[in-house]
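Observations on the three-dimensional arrangement
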Amino acid sequence: MKAVRFHGKEDIRVEEAPPPGAPGRKQVVVKPLVCGICGTDLHEYTAGPIHTPLHKHPFTGAVLPQILGHEFSATVTEVGREVTHVREGDRVSIQPLIMPMDDYYSRRGLNHLSPRMATAGLNYPWGGLGEYAIVNDYNVNKLPDSVNDQQGALVEPAAVALNAVERAKVHGGSSVLITGGGPIGALSALASAALGASKIFVSEPNQQRRKQIEALGVTTMVIDPKSDDMVELLREQTEDGVGVDSAVECSGTEAGLNACCGAVRNHGTVAQVGLHVRKALVDPALWAQKDLSIEATWGYPITIWPRIIGMIERGVFPIQKIVTSQIPADLIVEHGFKRLLDPAGNEMKVLVRMS
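Note that the structure is predicted; figures quoted are calculated from it, not measured.

Further remarks concern the sheet that holds strand β1 (residues 2-8). What the three strands build is an open sheet, ordered β2-β1-β4; its pairing is antiparallel. Every interior strand has two partners, whereas the edge strands, β2 (11-16) and β4 (66-67), have only one.

Let us look at the packing of helix α1 (residues 39-47) against helix α10 (residues 332-341). Taken N-terminus to C-terminus, the directions of α1 and α10 make an angle of 90°; their axes are 10 Å apart at the nearest point. Taken together, the axis directions place α1 and α10 in an arrangement best described as roughly perpendicular. Facing α1, whose interface residues are Asp41, Leu42, Tyr45 and Thr46, α10 presents Val333, Phe337, Lys338, Leu340 and Leu341. Partitioning the contact of α1 with α10 into residue classes produces six nonpolar, one polar and two charged.

Further remarks concern the pairing of strand β18 (residues 349-353). For β18, a buried count of four out of five residues is recorded, marking the element as mostly surrounded by other parts of the structure. Here three bridges tie strand β3 (residues 27-36) to β18, and the two strands are oriented antiparallel to one another. Residue pairing in the sheet places glycine 36 in a bridge with leucine 351 of β18. Of the strand pairs in this sheet, strand β17 (residues 323-328) and β18 are connected by five bridges, and their pairing is parallel. Within the sheet, the bridge partner assigned to valine 323 lies in β18 and is lysine 349. Each parallel crossover has a hand, and for β17 linked through α10 to β18 it is right-handed.

Enumeration over the complete set of coordinates arrives at three aromatic pairs. Residues tyrosine 104 and tyrosine 105 carry aromatic rings whose centres are separated by 5.1 Å and whose planes lie at 75° to one another, so their mutual orientation is edge-to-face. You can call tyrosine 104 partly exposed: its relative accessible area is 46%. Its end group placed over the ring of tyrosine 132, lysine 31 keeps NZ or CZ at 4.6 Å from the ring centre. The cationic tip of arginine 108 hangs over the ring face of tyrosine 104; the distance from NZ or CZ to the ring centre is 3.8 Å.

Turning our eyes to something else, we now look at the side chain of serine 174. Residue placement: serine 174 occurs in the loop between α3 (155-167) and β11 (175-179). With a relative accessible area of 1%, serine 174 lands in the buried category. Beyond its immediate stretch of four places on either side in the chain, serine 174 contacts Lys169, Gly196, Ala197, Ser198, Lys199 and Asp245.

For the rest of this paragraph, the subject is the environment of lysine 349. Along the chain, lysine 349 turns up in strand β18. Taking the C-alpha atoms as reference points, lysine 349 and alanine 189, 160 residues apart in sequence, are found 15 Å from one another. For lysine 349, the contacting residues outside a window of four places in its chain are Gly36, Ile37, Cys38, Glu71, Leu154, Pro183, Ile322, Val323, Thr324 and Ser325. From its side chain, lysine 349 meets the backbone oxygen of isoleucine 37 in a polar contact 3.1 Å long.

What follows is about the state of the cysteines. Under the definition given, this model contains zero disulfides. Counting only cysteine sulfurs, cysteine 260 is the nearest neighbor of cysteine 261, a cysteine outside any disulfide, at a range of 6.7 Å. Using a relative accessible area of 1% as the deciding quantity, one classes cysteine 261 as buried.

Next up on the list: the pattern of salt bridges. Going through the model one piece at a time under the given rule, you end up with twelve salt bridges. Its salt-bridge partner being lysine 142, residue aspartate 90 comes within 3.8 Å of it at the nearest N-O pair. In this pair, aspartate 90 sits in the loop between β5 (71-79) and β6 (91-94) while lysine 142 sits in strand β10 (residues 140-142), placing the two residues 52 residues apart along the sequence. Of the charged contacts in the structure, one is a salt bridge between glutamate 295 and arginine 167, with a shortest N-O distance of 2.8 Å. Of the two residues, glutamate 295 sits in strand β16 (residues 293-296) while arginine 167 sits in helix α3, which places them 128 residues apart along the sequence. Of the residues examined, arginine 167 reaches a relative accessible area of 30% and is grouped as partly exposed.

The rules behind each value
- Residues numbered from 1 in each chain as written.
- Predicted model: local features only at pLDDT ≥ 70, side-chain atom pairs only at ≥ 80, totals over all residues.
- Heavy atoms only, no water.
- Pairing = 2+ DSSP bridges.
- Helix = DSSP H or I, 4+ residues; strand = E, 2+ residues; numbered from the N terminus.
- Axes fitted to C-alpha atoms, helices over the stretch in contact; angles between N-to-C directions.
- Parallel < 35°, antiparallel > 145°, perpendicular 65-115°, else oblique.
- Contact = heavy atoms within 4.5 Å.
- Nonpolar A, V, L, I, M, F, W, Y, C, P; charged D, E, K, R; others polar.
- Buried < 20%, exposed > 50% of the residue type's maximum accessible area, 1.4 Å probe, protein only.
- Right-handed = clockwise from strand over helix to strand, strands pointing away.
- Phe/Tyr/Trp six-rings, centres within 6.5 Å; stacked < 30°, edge-to-face > 60°.
- Lys NZ or Arg CZ within 6 Å of the ring centre and 35° of its normal.
- Polar contact = N/O pair within 3.5 Å; in protein donor to acceptor, adjacent residues only side chain to side chain.
- Disulfide = S-S within 2.5 Å.
- Salt bridge = Lys/Arg side-chain N within 4 Å of Asp/Glu carboxyl O.

That is the geometry; function is a separate question.
As structure tokens, then:
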């Protein structure tokens, strides 16, 4: 079968790969339809292997070259004998986390925090950028007819954003700051609107990204942190000048995290979602003086999939708005990875059509 495989830093190839065999009793064979390129994939391309397995993965057996793709929709082509909630021909959205279902964390509903957790498309033999893949029964979530293949591929990044926004305690009437206007920041803005936030502010230094965020139609103000006094602006926009109720840090930068802590009101909440690549210098004394709650987030609870699908179906979470291009797999490096990595480019979310 044809697959997009990662071999090493700046080495991604569209090539022939062995197809999967028959599914196990609780497994499902799927044919990917649409797959998103994630920031994690970009990090692998520019600096990897990071999460992709240079040596045989101890729990999944995966090893380079790795089939990429962990944000994808698919069609079910074959099911194991004990799989009952989907059948051949169903369209599904893939929840890509692979983990034991009976360890300490999974018994407490925290499957995504298991030390043995792996991810399809990163350190599991199969991914969404292949013609076929095998996943487990708990990885497949049936899509209703009103949710299309592109939306199905975006449920995974939407899960990251919705989890972060909820951890930041955003609810009806909230004011919220989001630092970083990439795909997760954009989805966090849409998620905040879906939850009823009354004022949504996004900070983003890239002019093109600021225009894209404004085009979502849900923000109160999009701020350039390089030229605007963000804390002062937000005080002017909030009751009694106290600052925002919540902040969601999506840039993965020291400056973004400290801006969130400075802009949020006393007894407010900051959710950290952007992944930092180095240690950050922060001010815990300020956190204490303001009585802040700092919520570090990792992924999402796997039970969030049906909720997001329902929100898309109702029209309150229009996640498709972040898509800027759809491309065939053969063009994934030139029109996908390289354009997304171009600081002067205008891509936000690129989807790859597999079928």
